[in-house]
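In case you want the letters, here they are:
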Amino acid sequence: MTAQHRLLTLSLLLLGCLATSRATLVVTGTTYTVKLVEGREGEPKYVLSRQYLDVLECSMYASDSSKLVDPKIDWKIEGSNDTLDSRFSFSGRLSEDKKNFTSTLSVRRPENKHVTNYTCTGSATDQPEAQGRARLQSKPLISFKIDGVTMSDVGAWPGQDIQMSCIVEGNPAGSPEWKREKDGATIGNGTANLVLEAVNYDEHRGFYTCSANNSQGTNAAKIFLRVKHPQAYLTPMIIIIVEVIIIAIIVAVYEYFMYKKHKQAEAEGEAYKTD
(Lines give C-alpha, C1' and ligand atoms only; values in the text may rest on other atoms or scores of the structure.)
Protein backbone atom coordinates (compact mmCIF):
# COMPACT_ATOMS: atom_id res chain seq x y z
CA MET A 1 0.00 0.00 0.00
CA THR A 2 1.39 3.38 -0.99
CA ALA A 3 1.75 6.32 1.35
CA GLN A 4 -1.12 8.05 -0.48
CA HIS A 5 -3.43 5.07 0.07
CA ARG A 6 -2.48 4.91 3.74
CA LEU A 7 -3.24 8.61 4.13
CA LEU A 8 -6.61 8.19 2.45
CA THR A 9 -7.47 5.24 4.72
CA LEU A 10 -6.52 7.14 7.84
CA SER A 11 -8.61 10.11 6.69
CA LEU A 12 -11.64 7.87 6.19
CA LEU A 13 -11.18 6.28 9.62
CA LEU A 14 -10.88 9.71 11.22
CA LEU A 15 -14.08 10.89 9.53
CA GLY A 16 -15.84 7.74 10.71
CA CYS A 17 -14.74 8.32 14.27
CA LEU A 18 -15.93 11.91 14.14
CA ALA A 19 -19.29 10.78 12.73
CA THR A 20 -19.80 8.15 15.40
CA SER A 21 -18.77 10.53 18.18
CA ARG A 22 -21.36 13.12 17.14
CA ALA A 23 -23.25 14.47 20.16
CA THR A 24 -26.76 13.10 20.75
CA LEU A 25 -29.71 14.50 22.64
CA VAL A 26 -30.69 13.05 26.00
CA VAL A 27 -34.32 13.47 27.19
CA THR A 28 -35.40 12.63 30.73
CA GLY A 29 -38.81 12.98 32.36
CA THR A 30 -40.09 13.32 35.90
CA THR A 31 -42.52 11.10 37.79
CA TYR A 32 -45.22 12.71 39.91
CA THR A 33 -47.75 11.05 42.23
CA VAL A 34 -51.11 12.75 41.93
CA LYS A 35 -52.76 13.57 45.24
CA LEU A 36 -56.31 12.20 45.44
CA VAL A 37 -59.14 13.50 47.62
CA GLU A 38 -61.77 11.63 49.64
CA GLY A 39 -64.77 10.79 47.50
CA ARG A 40 -68.25 11.96 48.44
CA GLU A 41 -71.19 9.60 49.02
CA GLY A 42 -71.77 7.51 45.92
CA GLU A 43 -68.21 8.06 44.65
CA PRO A 44 -65.08 5.87 44.92
CA LYS A 45 -63.15 6.18 48.19
CA TYR A 46 -60.48 8.28 46.48
CA VAL A 47 -61.11 10.49 43.45
CA LEU A 48 -59.05 12.78 41.27
CA SER A 49 -59.38 16.39 42.34
CA ARG A 50 -60.32 18.72 39.52
CA GLN A 51 -57.19 20.69 40.18
CA TYR A 52 -54.80 22.28 37.72
CA LEU A 53 -51.85 19.94 37.25
CA ASP A 54 -48.59 21.58 36.20
CA VAL A 55 -46.09 19.23 37.77
CA LEU A 56 -44.77 17.10 34.90
CA GLU A 57 -41.47 18.00 33.24
CA CYS A 58 -39.13 16.71 30.56
CA SER A 59 -35.56 17.99 30.27
CA MET A 60 -33.15 17.78 27.33
CA TYR A 61 -29.42 18.27 26.93
CA ALA A 62 -26.70 17.28 24.48
CA SER A 63 -24.44 14.37 25.39
CA ASP A 64 -21.34 16.49 24.81
CA SER A 65 -22.76 19.41 26.84
CA SER A 66 -22.84 21.62 23.75
CA LYS A 67 -25.32 24.47 23.39
CA LEU A 68 -28.83 23.76 22.11
CA VAL A 69 -30.11 25.69 19.12
CA ASP A 70 -33.91 26.10 18.74
CA PRO A 71 -34.72 23.29 21.20
CA LYS A 72 -38.26 21.91 21.33
CA ILE A 73 -40.06 19.13 23.18
CA ASP A 74 -43.32 17.63 21.87
CA TRP A 75 -45.66 15.80 24.25
CA LYS A 76 -48.00 12.87 23.55
CA ILE A 77 -49.81 10.29 25.63
CA GLU A 78 -47.71 7.14 25.44
CA GLY A 79 -48.99 4.72 22.81
CA SER A 80 -51.12 7.36 21.09
CA ASN A 81 -50.42 9.52 18.05
CA ASP A 82 -53.31 11.87 18.79
CA THR A 83 -52.57 15.52 19.43
CA LEU A 84 -53.26 16.57 23.01
CA ASP A 85 -56.49 18.55 23.31
CA SER A 86 -57.04 22.13 24.44
CA ARG A 87 -57.01 21.33 28.16
CA PHE A 88 -53.25 20.75 27.87
CA SER A 89 -50.76 23.61 27.78
CA PHE A 90 -46.99 23.70 27.62
CA SER A 91 -44.20 26.02 28.68
CA GLY A 92 -40.47 25.76 28.01
CA ARG A 93 -37.34 27.37 29.40
CA LEU A 94 -33.75 27.32 28.18
CA SER A 95 -30.97 27.59 30.73
CA GLU A 96 -28.71 30.66 30.65
CA ASP A 97 -25.81 28.65 29.24
CA LYS A 98 -28.21 27.23 26.60
CA LYS A 99 -27.17 23.70 27.42
CA ASN A 100 -30.38 22.51 29.03
CA PHE A 101 -34.01 22.87 27.94
CA THR A 102 -37.00 21.99 30.16
CA SER A 103 -40.64 21.68 29.10
CA THR A 104 -43.55 21.65 31.58
CA LEU A 105 -46.89 19.97 30.82
CA SER A 106 -50.03 21.45 32.43
CA VAL A 107 -53.49 19.87 32.49
CA ARG A 108 -56.59 21.96 33.17
CA ARG A 109 -59.37 20.06 34.95
CA PRO A 110 -57.76 16.64 34.47
CA GLU A 111 -59.78 13.45 34.07
CA ASN A 112 -58.93 9.94 35.24
CA LYS A 113 -57.59 8.96 31.80
CA HIS A 114 -54.96 11.71 31.98
CA VAL A 115 -53.14 10.01 34.86
CA THR A 116 -50.84 7.96 32.61
CA ASN A 117 -47.44 7.89 30.88
CA TYR A 118 -46.36 10.60 28.45
CA THR A 119 -43.75 10.54 25.70
CA CYS A 120 -41.45 13.55 25.28
CA THR A 121 -39.79 13.92 21.89
CA GLY A 122 -36.90 16.39 21.95
CA SER A 123 -35.32 18.07 18.95
CA ALA A 124 -32.80 20.81 18.22
CA THR A 125 -31.04 22.20 15.17
CA ASP A 126 -28.47 19.75 13.73
CA GLN A 127 -29.40 17.13 16.32
CA PRO A 128 -31.32 13.87 15.82
CA GLU A 129 -34.57 13.52 17.75
CA ALA A 130 -34.59 11.69 21.07
CA GLN A 131 -37.39 10.46 23.32
CA GLY A 132 -37.98 10.27 27.03
CA ARG A 133 -40.87 9.38 29.33
CA ALA A 134 -42.69 11.28 32.07
CA ARG A 135 -45.25 9.69 34.38
CA LEU A 136 -48.31 10.79 36.30
CA GLN A 137 -49.19 8.05 38.77
CA SER A 138 -51.84 7.49 41.43
CA LYS A 139 -53.85 4.90 43.28
CA PRO A 140 -56.35 3.15 40.98
CA LEU A 141 -59.18 5.42 39.84
CA ILE A 142 -62.53 3.62 39.65
CA SER A 143 -65.84 4.29 37.92
CA PHE A 144 -68.78 2.15 36.81
CA LYS A 145 -70.47 1.84 33.45
CA ILE A 146 -73.77 0.17 32.63
CA ASP A 147 -74.36 -0.21 28.89
CA GLY A 148 -71.64 2.37 28.29
CA VAL A 149 -73.12 4.97 30.66
CA THR A 150 -71.40 6.00 33.89
CA MET A 151 -73.73 5.22 36.82
CA SER A 152 -73.65 4.74 40.59
CA ASP A 153 -76.66 2.40 40.79
CA VAL A 154 -78.65 0.23 38.41
CA GLY A 155 -82.21 -1.10 38.36
CA ALA A 156 -83.35 -4.48 37.07
CA TRP A 157 -86.47 -6.63 36.86
CA PRO A 158 -86.45 -10.21 38.20
CA GLY A 159 -85.13 -12.60 35.57
CA GLN A 160 -83.15 -9.92 33.75
CA ASP A 161 -79.44 -10.37 32.90
CA ILE A 162 -77.18 -7.54 34.13
CA GLN A 163 -73.62 -6.61 33.19
CA MET A 164 -71.76 -4.08 35.33
CA SER A 165 -68.35 -2.79 34.23
CA CYS A 166 -65.72 -1.59 36.71
CA ILE A 167 -63.48 0.88 34.89
CA VAL A 168 -60.04 1.03 36.53
CA GLU A 169 -57.78 3.88 35.42
CA GLY A 170 -54.84 5.64 37.00
CA ASN A 171 -51.19 4.64 36.66
CA PRO A 172 -50.51 1.82 37.12
CA ALA A 173 -54.15 0.77 36.76
CA GLY A 174 -54.29 -2.46 38.77
CA SER A 175 -56.72 -5.36 38.33
CA PRO A 176 -60.35 -5.11 39.49
CA GLU A 177 -61.91 -7.46 42.04
CA TRP A 178 -65.67 -7.70 42.66
CA LYS A 179 -67.27 -8.53 46.02
CA ARG A 180 -70.87 -8.85 47.15
CA GLU A 181 -71.27 -6.70 50.26
CA LYS A 182 -73.96 -8.66 52.10
CA ASP A 183 -71.78 -11.76 52.52
CA GLY A 184 -68.31 -10.49 51.52
CA ALA A 185 -68.02 -13.16 48.82
CA THR A 186 -65.62 -12.56 45.92
CA ILE A 187 -67.54 -12.94 42.68
CA GLY A 188 -66.84 -12.70 38.97
CA ASN A 189 -63.79 -14.00 37.17
CA GLY A 190 -61.30 -11.26 38.02
CA THR A 191 -62.17 -9.11 35.01
CA ALA A 192 -63.74 -5.66 34.76
CA ASN A 193 -67.14 -7.01 33.67
CA LEU A 194 -69.44 -8.63 36.24
CA VAL A 195 -72.29 -10.55 34.62
CA LEU A 196 -75.29 -11.61 36.71
CA GLU A 197 -77.78 -13.86 34.96
CA ALA A 198 -81.50 -14.01 35.76
CA VAL A 199 -81.26 -11.77 38.82
CA ASN A 200 -83.75 -12.14 41.63
CA TYR A 201 -84.77 -9.91 44.52
CA ASP A 202 -83.56 -12.06 47.44
CA GLU A 203 -80.18 -13.14 46.07
CA HIS A 204 -78.90 -10.27 43.96
CA ARG A 205 -80.35 -7.04 45.37
CA GLY A 206 -77.78 -4.97 47.28
CA PHE A 207 -74.36 -3.31 47.09
CA TYR A 208 -71.44 -4.63 45.04
CA THR A 209 -67.87 -3.43 45.63
CA CYS A 210 -65.13 -3.16 43.03
CA SER A 211 -61.61 -2.68 44.37
CA ALA A 212 -58.17 -2.48 42.78
CA ASN A 213 -54.65 -1.97 44.06
CA ASN A 214 -51.31 -0.98 42.59
CA SER A 215 -47.91 0.19 43.82
CA GLN A 216 -49.49 3.46 45.04
CA GLY A 217 -52.24 1.91 47.18
CA THR A 218 -55.81 0.59 47.09
CA ASN A 219 -59.11 2.14 46.03
CA ALA A 220 -62.68 0.84 46.08
CA ALA A 221 -66.17 1.90 45.02
CA LYS A 222 -69.70 0.59 45.48
CA ILE A 223 -72.63 0.25 43.12
CA PHE A 224 -76.18 -0.61 44.19
CA LEU A 225 -78.22 -3.14 42.23
CA ARG A 226 -81.92 -2.40 42.66
CA VAL A 227 -83.81 -5.58 41.75
CA LYS A 228 -87.54 -4.94 41.69
CA HIS A 229 -89.68 -6.97 44.07
CA PRO A 230 -91.57 -9.77 42.25
CA GLN A 231 -94.84 -8.07 43.15
CA ALA A 232 -93.61 -4.58 42.33
CA TYR A 233 -95.87 -4.49 39.26
CA LEU A 234 -98.89 -4.71 41.57
CA THR A 235 -98.15 -1.33 43.13
CA PRO A 236 -99.12 0.81 40.13
CA MET A 237 -102.17 -1.39 39.55
CA ILE A 238 -103.31 -0.96 43.15
CA ILE A 239 -102.77 2.79 42.90
CA ILE A 240 -104.85 2.94 39.74
CA ILE A 241 -107.64 0.84 41.28
CA VAL A 242 -107.70 3.03 44.41
CA GLU A 243 -107.82 6.17 42.26
CA VAL A 244 -110.74 4.73 40.25
CA ILE A 245 -112.61 3.82 43.46
CA ILE A 246 -112.06 7.30 44.92
CA ILE A 247 -113.28 8.94 41.70
CA ALA A 248 -116.31 6.61 41.63
CA ILE A 249 -117.14 7.52 45.24
CA ILE A 250 -116.83 11.24 44.49
CA VAL A 251 -119.11 10.88 41.44
CA ALA A 252 -121.60 8.80 43.41
CA VAL A 253 -121.73 11.33 46.26
CA TYR A 254 -122.09 14.20 43.81
CA GLU A 255 -124.94 12.41 41.98
CA TYR A 256 -126.64 11.61 45.29
CA PHE A 257 -126.59 15.24 46.45
CA MET A 258 -127.74 16.43 43.03
CA TYR A 259 -130.60 13.92 43.15
CA LYS A 260 -131.61 15.08 46.65
CA LYS A 261 -131.43 18.68 45.57
CA HIS A 262 -133.60 17.92 42.52
CA LYS A 263 -136.20 16.09 44.67
CA GLN A 264 -136.22 18.93 47.19
CA ALA A 265 -136.84 21.41 44.39
CA GLU A 266 -139.72 19.29 43.06
CA ALA A 267 -141.28 19.07 46.53
CA GLU A 268 -141.04 22.82 47.03
CA GLY A 269 -142.64 23.30 43.60
CA GLU A 270 -145.55 21.03 44.46
CA ALA A 271 -146.09 22.84 47.76
CA TYR A 272 -146.15 26.21 45.99
CA LYS A 273 -148.83 24.99 43.52
CA THR A 274 -151.01 23.73 46.39
CA ASP A 275 -150.85 27.11 48.10
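Residues numbered from 1 in each chain as written. Predicted model: local features only at pLDDT ≥ 70, side-chain atom pairs only at ≥ 80, totals over all residues. Heavy atoms only, no water.

On to the overall build of the chain. For the chain, the helix and strand inventory stands at three helices and 19 strands. Burial status across the chain gives 31% buried among its 275 residues. Within the chain, contacts between residues at least 6 apart in sequence are counted, and of these 66% link residues at least 24 apart. On the chain, roughly 17,700 Å² of surface is accessible, and the fraction owed to carbon and sulfur atoms is 54%. (Helix = DSSP H or I, 4+ residues; strand = E, 2+ residues; numbered from the N terminus. Buried < 20%, exposed > 50% of the residue type's maximum accessible area, 1.4 Å probe, protein only. Contact = heavy atoms within 4.5 Å. Areas by Shrake-Rupley, 256 points an atom, 1.4 Å probe, with all protein chains shown as cover.)

Glancing now at the environment of Gly 79. Following the sequence through the fold, Gly 79 ends up in the loop between strand S6 (72–77) and strand S7 (88–94). Measuring from C-alpha to C-alpha, the distance between Gly 79 and Asn 117 comes to 8.8 Å, with 38 residues separating the pair along the chain.

The four strands are arranged S2-S10-S9-S6 in an open sheet whose pairing can be described as mixed. At either end of the open sheet lies a strand with only one pairing partner, and these are strand S2 (31–33) and S6. Averaged over neighbouring strand pairs, the angle between their axes works out to 20° when direction is ignored. With seven bridges connecting them, strand S9 (residues 117–124) and strand S10 (residues 127–137) associate as antiparallel partners. Counterpart to Thr 119 in the pairing with S10 is Arg 133. (Pairing = 2+ DSSP bridges. Axes fitted to C-alpha atoms, helices over the stretch in contact; angles between N-to-C directions.)

Across the sheet, five strands lie side by side as S13-S19-S18-S15-S16; this open sheet has mixed pairing. Since the sheet does not close on itself, it has two edges, and those belong to strand S13 (153–156) and strand S16 (185–187), each with one partner. Looking at each pair of strands side by side, their axes are set apart by 30° on average, direction ignored. Here S13 pairs with strand S19 (residues 217–227) via four bridges, running parallel. Bridge pairing in S19 links Val 154 to Leu 225.

With that settled, consider the environment of Met 164. You can see Met 164 is positioned in strand S14 (residues 162–169). If near-sequence neighbours (up to four positions away) are discounted, Met 164 is found in contact with Lys 145, Ile 146, Val 154, Trp 178, Ala 192, Asn 193, Leu 194, Leu 196, Tyr 208 and Ile 223.

Under the counting rule described, the total for this entry stands at eight salt bridges. One salt bridge connects Arg 40 with Glu 43, and the closest N-O pair in it is separated by 3.4 Å. Given a relative accessible area of 65%, Arg 40 falls into the exposed group. Across the pair Arg 87 and Glu 111 runs a salt bridge, and its minimum N-O distance is 3.3 Å. Residue Arg 87 is found in the loop between S6 and S7, and its partner Glu 111 is found in the loop between strand S8 (100–107) and S9; the two are separated by 24 residues along the sequence. Residue Arg 87 is classed as partly exposed on the basis of its relative accessible area of 21%. Through salt bridges with shared partners, a single ionic network connects Asp 85, Arg 87, Glu 111 and Lys 113. (Salt bridge = Lys/Arg side-chain N within 4 Å of Asp/Glu carboxyl O.)

What follows covers the state of the cysteines. Taken as a whole and assessed by the stated rule, the structure comprises two disulfides. One disulfide bridge connects Cys 58 with Cys 120, the sulfur atoms lying 1.8 Å from each other. Because the torsion about its S-S bond is 50°, the bridge between Cys 58 and Cys 120 counts as right-handed. Of this pair, Cys 58 sits in strand S5 (residues 53–62) while Cys 120 sits in strand S9; the two residues are 62 residues apart in sequence, bridging distant segments of the chain. Here Cys 58 and Cys 120 have matching classes, each one buried. Paired through a disulfide, Cys 166 and Cys 210 show a sulfur-sulfur distance of 1.9 Å. Looking along the S-S bond of the Cys 166-Cys 210 disulfide, the torsion reads about -85°, which is the left-handed sense. On the criterion of sequence distance, the pair formed by Cys 166 in strand S14 and Cys 210 in strand S18 (residues 206–214) is long-range, its members being 44 residues apart. No difference in accessibility class separates Cys 166 from Cys 210, as the two residues are buried. Here the chain pairs its bonded cysteines, counted in sequence order, in the arrangement 1-2, 3-4. (Disulfide = S-S within 2.5 Å.)

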